[in-house]
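# Structural overview
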Amino acid sequence: MAKFVYAFSEGNKDMKDLLGGKGANLAEMTNIGLPVPPGFTITTQACNTYYDKDQQLWPELKEEIFSHLKALEEKTGKNYGGENPLLVSVRSGSKFSMPGMMDTVLNLGMNDATIPVLIKNSGNPRFVLDAYRRFIQMFGDVVKGVPKANFDAFFDKIKEEKGYEFDTQLSADDLEIIVQGFKAIYKEGVGSEFPQDPKVQLLESVEAVFSSWDNNRARIYRREHNISHKLGTGVNIQSMVFGNMGDDCGTGVAFTRDPATGEAKLFGEFLINAQGEDVVAGIRTPMQIEEMNRINDHLYPDFVHICDTLEHHYKDMQDIEFTIENGTLYILQTRTGKRTAHAALKIAIELVEAGFIDKKEALLRIEPEQLDQLLHPTFDKKALREAVVIAKGLNASPGAASGQIFFDANDAVKAAEEGLKPILVRKETSPEDLEGMIKAAGILTAKGGRTSHAAVVARGMGKCCVAGCEAINVDESKKQFTHKGKVYKEGDFISLDGSTGYVYEGVVGTTEATLDEDFETLMGWADEVARLKVRSNADTPQDAAQAIRFGAKGIGLTRTEHMFFQEHRISAVREMIVAQNVENRVKALDKILPYQQSDFVGIFEVMKGFPVTIRLLDPPLHEFLPQKDSEIMALAKELDLSFEDLKDRITALHEINPMLGHRGCRLAISYPEIAAMQTRAIILAAIEVIKKGIPVLPEIMVPLVGHKAELDYVEAIVRPIAKKLMEEHGVEVPYAFGTMIEVPRGAITAGDIAQTAEFFSFGTNDLTQMTYGFSRDDAAGFINEYLDKGIFTVDPFVSIDPIGVGLLMDMAAKQGRETRSDIHLGICGEHGGDPSSIKFCHSIGLDYVSCSPYRVPIARLAAAHAALEE
């Protein structure tokens, strides 16, 4: 028969899968001789079986629970519900710490019969009645769903009638009144009397904790932290110790190091004469942990010794919960402490220097995503607590931004030129909004997902962005948005937290990000072990310089179309698009060429010989043209065309499904003069920089290739132009010619395509949408449903789907190498900055990943993790 219950003495710290983190650590502390109140753990397997049995406890499990309860009675010399009452707590504990997400019930075993015995044994009626009222409230709230607010209202009413400010002023008589009031509230809410049978209390509490594994907040937390819904939670049943029996009692929480800074000193708080929830709930103002030495100087050294023991034993900073009962110290929990990124780096490096862990373990201790905190401005925590939340969207691009809202990109540009900090608010953005996005302090959209235009561009610029904030109703024509009836107009101040997705009223103070010596040390260690190189997506010299500062070893994607939208360039681009013949189109392209060449010169100079992958024009041409009649009229006048002719041209360019339409290599085939101009710009820029004594390594990349003949056609444009320019200038440019693999057919036929392509770069945004048949800009509307209902465990636009999309990538990589052994393989989609996707890229043998500049350090650490975990 399966074993579903383990005494603390039967487990250890390596049994977290089975016992959960709390149960495994309680067992470990018991086994190394620390003062842990005895108890036992119901396994995570039991939790999963509970759900398999339609959320019912089964006879064998109940028998096992009561068998261990009997052993606990013998160990403590007490009886659960008997003459010398044993009281227990019932606490959750999954493999991964999920603080506050699941439920706890304290003081089980109290009933009307045991209260007099407990009062007699303790000689402290106030303590007993205080514990009883807490139990009734917690059981009513957690187990039966009676709103906690109902109990709180009655409790506060009694305090107010008595004229008390603090809970500790309540007498035993007062608490007796509260107990009876709480029973009445329970009966009204549940429809029956408060249960007097301790066994019923225990079994119903176990069921409540198991059920809390699937509550909404726990599911949301797991989804946010990529924790599987299938792990289940353990249930820890432990004999109670009390910190609220008098002034020689107390409770608190301590970290063995400062979790904000990493400083090697005890950090924590405690309360005299209190239970644990009093510290967490902030009912009373706690004291700093150092004050324990003043209050109890013989106990404090023991506590410090236990903290040191736990940090040395676990070789990491610990988060410890403790209780003092009648002058005796008990440890209720230890776990690896949550910490800021700054603290994580400092602690890891100091533990290496102290010889507790090696560099590899230090790298694995730090989650790549943690580094995001170091790279962007963040809001001051105190200011956040006081801020008014408007709504919550998707945390599309990290950072913190405050400013005045503007609903038009041009207005945002003007505002920035006037010294204001604009927040660009749009239903959704388009490439035409780019200048406004560049000038904006932050971007807020009502639609779109984490790979929408707004999100991708914002991350590339390291700019704060909240996308898909569907709770707000944006009316761009009225230059306002509304939320729950409140109107926010142009010029109003708001703040965006791109790390959480929250939108706040007014200006919230920020703290600037700084990179210190610890950051550089850890990144150096990461580069020593990583096999994957990390490049950056960068469209400007400024982006490229930022990427170099963050340690990028090249540019994996330069999107040439983003260079077209600056005000003095867009006219020539539009002139090229509406040209009715090749001659006029070439004239317009000749105006664009110097701009493109200048941009490439700037990027090449910054990169100093690192590879720069330049994607030829990709988006459909209609994205460069205005859509409103007033804007069409103005452009017609500028181009000396009739309104009707220009509108007809724009209408002709309109496509039903532009993402699958006339874009990518199809543009180069229809308009070879565009690819010719871009090739000239790239090669001439390279020649110019080489003449300055700076090495260059351009890679010309053709997008959206699904057929070898498409790539061959474009190669026949590129190669002759490059050869001719190099001969004319007497300079050899070491360039490469390749393609993006982003069309499923391109992946399937990669062996053929590699006959022409010298490198592949996987464009996983398009590859994902074409493989799934999802529009990445519209999928946000239903992806959450897929996640909530367990169809997806992760959003495939956030992390590569290894079974479908990944299979195509693996196939293409293998075929490419079979055809061309020295082919270079990389990825430049948004997945290039996602740690789990980077791990997959490592597994299929790619040479590099490319991501936005502000994710380069994250990718570097993730690449190291992938190598270490292989």
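Remember, predicted model here, so these are calculated numbers, not experimental data. (Residues numbered from 1 in each chain as written. Predicted model: local features only at pLDDT ≥ 70, side-chain atom pairs only at ≥ 80, totals over all residues. Heavy atoms only, no water.)

## Re the packing of aromatic side chains
Counted only if it meets this: Paired rings are identified among Phe, Tyr and Trp, the last through its six-membered ring, by centres lying within 6.5 Å, and are further divided according to the angle between planes into stacked (under 30 degrees), edge-to-face (over 60) and tilted (the rest). Strands are runs of DSSP state E lasting at least 2 residues, helices are runs of H or I lasting at least 4, and numbering of each runs from the N terminus. Three exposure classes are used, based on accessible area relative to the maximum for each residue type with a 1.4 Å probe and protein chains only: buried under 20%, partly exposed in between, and exposed over 50%.
Considering all chains together, one arrives at 26 aromatic pairs under this definition. Judged by centre distance (5.8 Å) and plane angle (70 degrees), the ring pair of F135 and F139 falls under edge-to-face. Taken together, the residues F135 and F139, both in helix α5 (residues 125-143) and four residues apart, mark about one turn of the helix. Take F139: its relative accessible area is 0%, and that puts it in the buried class. Cluster of aromatic residues (ring-pair linked, three or more members): Y132, F135, F139, Y186 and F194.

## Things to note about the sheet that holds strand β4 (residues 104-108)
Convention followed: At least two DSSP bridges between two strands are required for those strands to pair. Only the stretch in contact is used when a helix axis is fitted, and all axes are lines through C-alpha atoms; the angle between N-to-C directions ranges over 0 to 180 degrees. By definition in these notes, contact holds between two residues if any of their heavy atoms fall within 4.5 Å.
Strand order in the open sheet made by the five strands is β1-β2-β5-β3-β4, with antiparallel pairing throughout. Looking along the sheet, the strands with just one partner apiece sit at the ends: β1 (5-7) and β4. The sheet shows a mean angle of 20 degrees between the axes of neighbouring strands, direction not considered. Where strand β3 (residues 88-94) meets β4, three bridges bridge the pair, whose relative direction is antiparallel. Paired with R91 across the two strands is T104, which belongs to β4. Contacts from helix α3 (residues 59-76) reach β1, β2 (39-42), β3 and β5 (233-239) within the one sheet, and its direction differs from that of β2 by about 165 degrees. Packed on one face of the sheet, helix α8 (residues 198-212) meets β2, β3, β4 and β5 and runs near 145 degrees to β5.

## Structural notes on the state of the cysteines
The criterion, for reference: Only a pair of cysteine sulfur atoms within 2.5 Å qualifies as a disulfide here.
Enumeration over the complete set of coordinates arrives at zero disulfides. The thiol of C307 is unpaired, and the distance to the nearest cysteine sulfur, on C249, comes to 19 Å. Left unpaired, C841 is separated from the closest cysteine sulfur, that of C828, by 11 Å.

## With respect to the packing of helix α6 (residues 148-162) against helix α7 (residues 172-190)
Convention followed: These descriptions rest on fixed angle ranges, namely under 35 degrees for roughly parallel, over 145 for roughly antiparallel, 65 to 115 for roughly perpendicular, and the rest for oblique. Two helices that cross are described as forming a left-handed crossing if the nearer one is turned anticlockwise from the farther one by less than a right angle, and a right-handed crossing if clockwise. Throughout, the ten residues Ala, Val, Leu, Ile, Met, Phe, Trp, Tyr, Cys and Pro are labelled nonpolar, Asp, Glu, Lys and Arg are labelled charged, and all others, Gly among them, are labelled polar.
With their axes 10 Å apart at the nearest point, α6 and α7 run at an angle of 150 degrees to one another. The angle between α6 and α7 falls in the class roughly antiparallel. In this structure, α6 crosses over α7, and the sense of that crossing is right-handed. Along the contact surface, α6 presents N150, F151, F154, F155, I158 and K162, while α7 presents D174, I177, I178, G181, F182, I185 and Y186. Partitioning the contact of α6 with α7 into residue classes produces nine nonpolar, two polar and two charged.

## Structural notes on the pattern of salt bridges
This is how the line gets drawn: Salt bridge, as used here, is a side-chain nitrogen of Lys or Arg placed within 4 Å of a carboxyl oxygen of Asp or Glu.
Under the criterion given, the structure shown has 48 salt bridges. Measuring nitrogen to oxygen at the nearest pair gives 2.5 Å for the salt bridge that ties K183 to D112. Here the residue K183 occupies a position in helix α7, and D112 occupies one in the loop between β4 and α4 (114-122), the gap between them amounting to 71 residues. Among the salt bridges present, the one from R615 reaches D618, with a minimum N-O distance of 3.6 Å.

## Examining the nonpolar core
Keep this limit in mind: Among buried residues, those of type Ala, Val, Leu, Ile, Met, Phe, Trp, Tyr and Cys that are joined through side-chain atoms within 4.5 Å constitute a nonpolar core.
Formed by 145 residues in total, the largest nonpolar core has its most connected members in F604, I683, V733, F760, M809 and L846. It is helix α27 (residues 672-691) that contributes the most residues to this core, 12 residues altogether. Aside from chain neighbours lying at most four places away, what touches V733 is I683, A686, I687, I690, V696, P698 and M726. Core analysis: the next-biggest nonpolar cluster, separate from the first, contains 68 residues, V105, L108, Y132 and M240 among them.

## Here we look at the sheet that holds strand β18 (residues 473-475)
Backbone hydrogen bonds hold the strands of a sheet together, and the pairing may be parallel or antiparallel. Read from one edge of the open sheet, three strands run β18-β19-β20, paired in antiparallel fashion. Only two strands of the sheet have a single partner each, and these edge strands are β18 and β20 (486-489). Each strand of the sheet is rotated relative to its neighbour by a mean of 20 degrees, with strand direction disregarded. Pairing of β18 with strand β19 (residues 480-483) involves three bridges; the strand directions are antiparallel. Bridged to N473 within β19 is T482.

## Things to note about the pairing of β20
Bridge count for β19 against β20 is four bridges, and the pairing is antiparallel. Residue pairing across strands places Q480 opposite K489, the latter belonging to β20. Once β19 ends, the chain turns through two residues before running back antiparallel as β20, passing K484 with a positive phi of about 50 degrees.

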